[in-house]
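In case you want the letters, here they are:
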Amino acid sequence: MDHDRHFTFMHDANRCKQSQASTALPWSCSTEARLTLTLLCFLLGLCWAFQQTASGQESSDPADLAQKLERALNGDSYRERQRATFELWQQREQTRQAVRDAEQSGNLEVSRRASWILKQWRAGISDQTPKALSKQIYSGGLLDRNLDELDSELLLEELLLEGAFAAVAVAIQESQDSADYELLLGNVTGLMYQYYPLIVSVAVEQSKEQQLLTLLQSLRTGPSGLAISAIEFQQQLGDASHSTNAEPAVEDSLWDRDQESRFKGELALQTGNIDQTLQLASERNDDAIVLTLQYYGQRWPELIQSQRAIAEAADADPMSQARAQAWVLSAAAHAGDREAFQWAKQQLLAGLKDSENDPDMDAEDRDNLCELRWRFLVGYLVVDETIEAMRANWPAKAAVVACLTDRFVVAKEICVGDEPLTADLIQAKINAAIEAQDKYSKQVDPVQARAYALRIAPELEQLYSLALLLKNTHHADLAKRIYFQLAQSNVSIPAFRGRVSLYDYTLIEMQQALQYDMVVELITTSKQTRISSRSRSMLAFCLSVKSASFETVLAALKRMHRQWPEKQLVGVTAALFQGLPAAGFDPLTDLDTLFQEICNAPMSGRRTLGVPQVIYINELTADCLELFAINERDDLVQTGRQLLADDGDGEMSLTIINRLIENGDWLKAEDRLQALANDLQSGMHEEAASLHCQALIIEMALARDRGFTDRQQELEEELKLILTTPSLTTKEQIARRLSDHQFYQLAHHAYQQLVPVALLKSQGLTSNLFGNILDGFVETKQFVDELELTVARDPNASHHTAHHLSDMALVSELNADAPIPWLYTYHAQKHWEARLISGITLQDEPTVAAALGALQTLAPLDINATDEQVPEVRKLGMAKIADAYIDQLVESGEAYLAEFPLDALKLNNLAWACAVNKMHLEQAVKWSERSVFLEPESVTYRDTLAELCHVLGEHKQAWQIESDCLLDDRGQWHLHQQIEKYRQAMESKQ
């Protein structure tokens, strides 16, 4: 590591001057000559001490130690006393107790010398500390020579990242009886969480794995996460030398009873002992963990019994009852308990019918209760009954559920009845909703509490549902009319401690309904003269751009066109991120200027003689480079990538390395990987650990691709050690990256470690992270099964576990406070997709049939499974199941198109599904021709028609249609593949 560079940044010149002015050792005289001699002897002694060998020649005899202490006290010369002091310091294992006793001596000089030695040890400066690092510790300004000024965290960081694990272990051990022990332990623990991958790699590079293991074991008395890491690290090393100390002595730890119980539970769960973990959770009355563990352990009867008792308790509140009913519904579905399932279903349905009349609940709680009930009923395939139960009291929500589950005909009935969807009808609905909301808002006191938080009139809520229906049935113009007229209204909505404009509320509704294109258009074309930061942030989100990147481009455009109004600037920024033409912006010249403005953004610096100085910084980001890419300026993209990489942007360096690997330029990729490794070592930053892991995975992929098996194995073993990290976030990121690079075995190994910990900590994790862990486990399990790496061993366990865990993401949403409607149907579909893939892999006909039936219940018009899975099912000899699925899809499609005949997207999708599966071809051709007639410029729709011609044996016509498509969109590689397929078919026919 480049210490000079690292410490120059942290060095405090004033503190160093103060240290140099007061560097007398505590036992020195006050004269200037004695001070100089003391410093000289100190440095000579320190150098001498580090040059001594630990050969074991020093005596540990108490009499010898006593003589050394006597020399330190009564030596004839100062040099002799210094020599004795350094001998005591160097021989820590033999002298530590004697030195501790000497610190309590009544003799001032002996006490001060002993105190100095103990301070050294507690700072991690011992005979285990590398000589160069010890010198750097002093010269870098981390502490003065009396150790009175000590930056403990920076010092420990240096020790850990230099591999001085033994020195850190000494510091921890020597501090146990001091007031700073907990602070020191906390600092080391924090650094372990932050830099664990780098620390492990240092240990591997220096062959100090055993020293790191010893250090981890010395930290076991702190957070239980490190205790688990110590055990996993030891297991990964295959080391039995510390096996008796695998579990820390909890009586010597800093844990309370709950922490001790959680540690034991986590350790038991890691070894598969669910019973012990359940018992410990029950003893500490952790009901949430008990429920999660019962679900994970498939203890369905116990779970059903306990939750049913809660639901039937006379004193239970409605929310607790509904949650308990949801748990019963889920457990009964897995257990195959029809009676319990029917009971829970009927209870939840009855709640949907009656909850509007509950006088003890405010409006917001009733909304949340309705959301919980419907999302679990729908998640467990009770769709039509749920919609019907909601129609009376929750018509707007019933229409949303109908849209989310492809019941668009039902949604139309709820929203407008039998009336045709005309512009006049929509306008009348808009006028009525605005009038109703205005009246409703005036009746509500704006200072009233949360009972009226963001409450809207029923007519307005139903209008938003109607807009969702219109957007999903190819009536985008009518949906746009609703959103835009509502946004332009002056009506406000009562909110907690104030009011929210209908403009802001409509933007939120559009965002949750995934109407991103309309959000962008509304913000950039609205009548508002100023666009708030909140609206700009939402705009960036809908453009899939980080808010900071959007603001960077916006600021650069302001500097380029100072006369432009804000609205025009925001509009141009949005257009550039979409690759669209923008009024007043000339791409031939302005893109170069924009690039220079972003790379040289002015920033106020220090004042000189009262005048502020301007400095220029590079504000390029990956999003900015995407902007130039989408506007076809690859030259600027390449220049920008190089600039960012040269500035130390690790993510961009990895991007360049990946591009080099894709292009087969392996030698350059290796050189850049080495350069990145050097950069990460020379200056720590918050992303260093993450970048280091990504670089290791890329290097491992490179070794695999080049056939360097030994190097790949070395890196895999190193990553296995890194995966013992106590940080769930870091471990999940590594697992995801491994999966991305097709290291499915190792990724699944990581997820296997993650799942038990995530279950025990699910209450403290974001639902996003928890869901990612469960999804990652299931997905990598599927890949492993497909590679026949686990199927042969235990197909039944593999099959059941994947189903079981894929469903836990839905159950984890029981405590979600702000549900997003589409998320719950998404979780349910993911669950059944996992079951379908597992059933195909295991050739399990009942599972395949159940999964396809469930997917059709959740989304009868969805064609995702028809492209790959359904043809695969047919190949496996389950043609009857596959054909029934396509037959039902066509039947649902006919019913839908009878009501919405102009939906070109659905027409095309249904036609494509029929073409791929070679069924209902006559009907499919009619649908495809109609979609092309409605949108003749669509390359996608014409591609579908070409495929149908090919399936029907009209290969020349297919080739002609596809060739015309290529003229309109040369960038689609799929079109080239299709043309080649049709050409070969023409040749074979001849």
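## Description of the overall build of the protein chain
A tally of regular secondary structure across the protein chain gives 52 helices and four strands. In the protein chain, which comprises 990 residues, the proportion classed as buried is 51%. Within the protein chain, contacts between residues at least 6 apart in sequence are counted, and of these 64% link residues at least 24 apart. Of the roughly 45800 Å² of accessible surface on the protein chain, a fraction of 48% belongs to carbon and sulfur atoms.

## A look at the environment of E845
Take E845: it is sitting in helix α45 (residues 845-858). Distance in space between the C-alpha atoms of E845 and M878 is 7.2 Å, their sequence separation being 33 residues. Here E845 is in contact with M878 and I881, once residues within four sequence places are set aside.

## Topic: the packing of aromatic side chains
Counting across every chain of the model gives seven aromatic pairs. Their ring planes at 65° and their centres at 5.9 Å tell us that Y295 and W327 sit as a pair that is edge-to-face. Of this pair, Y295 sits in helix α16 (residues 287-296) while W327 sits in helix α18 (residues 318-335), placing them 32 residues apart in sequence. Here W327 falls in the buried class, since its relative accessible area comes to 11%. Between Y896 and F900, the aromatic rings sit 5.0 Å apart at their centres with planes inclined by 35°, giving tilted as the arrangement. Owing to a relative accessible area of 2%, Y896 belongs among the buried residues under this scheme. You can call F900 buried: its relative accessible area is 3%. Taken together, the ring pairs connect Y295, W300 and W327 into an aromatic cluster.

## Side note on helix α17 (residues 300-312)
An ideal rise of 1.5 Å per residue puts 18 Å on 13 residues; α17 measures up with 18 Å between its terminal C-alpha atoms. Taken as a whole, α17 has its buried residues at W300, L303, I304, Q307 and A311. Down the axis of α17, the smallest arc covering the buried residues is 95°, so these residues share one side. Among the exposed residues of α17, those oriented more than 90 degrees off its buried face are P301 and Q305.

## Quick look at the pattern of salt bridges
Counted under the stated rule, the structure contains 30 salt bridges. With its nearest N and O atoms 3.4 Å apart, the salt bridge here joins R536 to E566. One end of the pair, R536, is in helix α29 (residues 533-542); the other, E566, is in helix α31 (residues 566-578), with 30 residues separating them in the sequence. A relative accessible area of 13% means that R536 is categorised as buried. Judged by its relative accessible area of 17%, E566 falls in the buried class. Look at the salt bridges and you will find they share partners, linking R308, E312 and E339 into a network.

## Brief notes about the packing of α17 against α18
Their axes nearest at 8 Å, the elements α17 and α18 cross at an angle of 155°. By the angle between their axes, α17 is roughly antiparallel relative to α18. Classified by chirality, the crossing of α18 by α17 is left-handed. Mapping the contact onto sequence places W300, L303, I304, Q307, R308, I310 and A311 in α17 and S320, Q321, A324, Q325, W327, V328, A331, A332, H334 and A335 in α18. Along the lines of polarity and charge, the residues of the contact of α17 with α18 split into eleven nonpolar, five polar and one charged.

## Side note on the nonpolar core
Among the nonpolar cores identified, the biggest contains 222 residues, and M192 and L594 are the most heavily contacted of them. A per-element tally of this core places helix α11 (residues 181-205) first, with 13 residues. In this view, M192 contacts L160, I199, L212, L215, L216, L219 and L226; residues no more than four positions away in its chain are not counted.

## Topic: the side chain of T277
Tracing the backbone through its elements, the reader meets T277 in helix α15 (residues 274-283). There is a polar contact of 3.1 Å between the side chain of T277 and the backbone oxygen of N273. Beyond its immediate sequence surroundings of up to four residues, T277 is in contact with G265, A268, L269, L293 and L760.

## A word on the environment of R100
Counting through the fold element by element, R100 comes out in helix α6 (residues 92-103). Judged by relative accessible area, R100 falls into the buried class, the value being 17%. Through-space distance from the C-alpha of R100 to that of S111 is 9.2 Å; in sequence the pair is eleven residues apart.

## As for the confidence of the model for the protein chain
Low-confidence regions, as indicated by low pLDDT, have predicted coordinates that should not be scrutinised in detail. Taken over all residues, the pLDDT of the protein chain has a mean of 78, while the share at 70 or more is 72%. In the model, residues 135-151 has pLDDT below 50 throughout and makes 57 contacts with residues more than four positions away in sequence or in other chains.

## Overview of the packing of helix α24 (residues 423-443) against helix α25 (residues 458-472)
Packing of α24 against α25 brings their axes to within 8 Å, and their N-to-C directions diverge by 150°. The handedness of the crossing between α24 and α25 is left-handed. Of the residues in α25, those in contact with I426, K429, I430, A433, A436 and Q437 of α24 are E459, L460, L463, L466 and L470. Partitioning the contact of α24 with α25 into residue classes produces eight nonpolar, one polar and two charged.

## Describing unusual backbone geometry
Peptide bonds are mostly trans, and most non-glycine residues show a negative phi. Backbone geometry at Q298 places phi at a positive 60°, although glycine is not the residue there. Secondary-structure assignment places Q298 in the loop between α16 and α17. The phi dihedral of K918 is positive, around 55°, even though this residue is not glycine. Topologically, K918 is positioned in the loop between α48 (904-917) and α49 (921-934).

## Here we look at helix α34 (residues 634-646)
Residue pairs three or four apart in sequence face the same way in an α-helix, which turns once every 3.6 residues. The end-to-end C-alpha distance of α34 is 18 Å, a good match for the 18 Å that 13 residues give at a rise of 1.5 Å each. Among all positions of α34, only L636, V637, G640, R641, L644 and A645 are buried. Taken down its axis, α34 places every buried residue within 165° of arc, on the same side.

## Examining a nonpolar patch on the surface
Together, L902, F933 and L934 make up an exposed nonpolar region whose accessible area comes to about 340 Å². Overall, the relative accessible area of 57% leaves L902 in the exposed class.

The rules we used
- Residues numbered from 1 in each chain as written.
- Predicted model: local features only at pLDDT ≥ 70, side-chain atom pairs only at ≥ 80, totals over all residues.
- Heavy atoms only, no water.
- Helix = DSSP H or I, 4+ residues; strand = E, 2+ residues; numbered from the N terminus.
- Buried < 20%, exposed > 50% of the residue type's maximum accessible area, 1.4 Å probe, protein only.
- Contact = heavy atoms within 4.5 Å.
- Areas by Shrake-Rupley, 256 points an atom, 1.4 Å probe, with all protein chains shown as cover.
- Phe/Tyr/Trp six-rings, centres within 6.5 Å; stacked < 30°, edge-to-face > 60°.
- Expected span 1.5 Å × (residues − 1).
- Arc of directions from axis to C-beta.
- Salt bridge = Lys/Arg side-chain N within 4 Å of Asp/Glu carboxyl O.
- Axes fitted to C-alpha atoms, helices over the stretch in contact; angles between N-to-C directions.
- Parallel < 35°, antiparallel > 145°, perpendicular 65-115°, else oblique.
- Left-handed = near helix turned anticlockwise from the far one by under 90°.
- Nonpolar A, V, L, I, M, F, W, Y, C, P; charged D, E, K, R; others polar.
- Core = buried A, V, L, I, M, F, W, Y, C linked by side-chain atoms within 4.5 Å.
- Polar contact = N/O pair within 3.5 Å; in protein donor to acceptor, adjacent residues only side chain to side chain.
- pLDDT = per-residue confidence, 0-100.
- Patch = residues over 30% accessible without salt bridge, like charges linked within 9 Å, V, L, I, M, F, W, Y side chains within 5 Å.

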